[in-house]
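# Notes for the structure review
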Amino acid sequence: QKAHYLADEIQKLDGFALKFSRPFFKEFAIELPMPAAEAIAKLAKKQIHAGVDLKIADETGLLVAVTEKRTKAEMDSFVQALKELS
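These lines cover the structure that appears in this document, whether it is placed above or below. Note that the structure is a prediction, hence the values are computed from the model and not measured.

### Topic: the overall build of the protein chain
- The secondary structure content of the protein chain amounts to 3 helices and 4 strands.
- Starting at the N terminus, the α and β elements of the protein chain follow one another as α-β-β-α-β-β-α.
- Here the C-alpha atoms of the protein chain give a radius of gyration of 12 Å, agreeing with the 12 Å that 2.2 N^0.38 yields for 86 residues.
- Dimensions of the protein chain along its principal axes, counting C-alpha atoms only, are 30 × 25 × 20 Å.
- Per-residue burial for the protein chain yields a buried fraction of 36% across its 86 residues.
- Counting contacts in the protein chain only where the partners sit at least 6 residues apart, residues at least 24 apart contribute 53% of the total.
- Total accessible area on the protein chain is roughly 5600 Å²; 54% of this is exposed by carbon and sulfur atoms.
- Across the protein chain, the 13 positively charged side chains and the 13 negatively charged ones have centroids separated by 4 Å.

### As for the environment of F24
- By the element assignment, F24 lies in the loop between β1 (17–18) and β2 (27–31).
- Ignoring any residue separated from it by four or fewer positions in sequence, one finds F24 in contact with A3, H4, A7 and L18.

Each value, and the rule that gives it
- Residues numbered from 1 in each chain as written.
- Predicted model: local features only at pLDDT ≥ 70, side-chain atom pairs only at ≥ 80, totals over all residues.
- Heavy atoms only, no water.
- Helix = DSSP H or I, 4+ residues; strand = E, 2+ residues; numbered from the N terminus.
- Rg over C-alpha atoms; globule rule 2.2 N^0.38 Å.
- Buried < 20%, exposed > 50% of the residue type's maximum accessible area, 1.4 Å probe, protein only.
- Contact = heavy atoms within 4.5 Å.
- Areas by Shrake-Rupley, 256 points an atom, 1.4 Å probe, with all protein chains shown as cover.
- Lys, Arg positive; Asp, Glu negative; His and termini not counted.
- Charge placed at Lys NZ, Arg CZ, Asp CG, Glu CD.

Written as structure tokens, this is what we have:
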């Protein structure tokens, strides 16, 4: 449920979209308006672990995982940080 909330919020941002339309549970891949490595580096400066660069699987985008430990406030902060990247 939390992963779907976060995915829905991220998709509202300009330039961001789910990479795949398949069902998911706790992890999903997103396309970004910049290279994933750039987003990861910028968010790391804010002490935010953004996810995994899909370049390791010869893909583009970012793999995001959401656990039961994440709060709505943390997810909203993540979305805001992504919004500030673009």
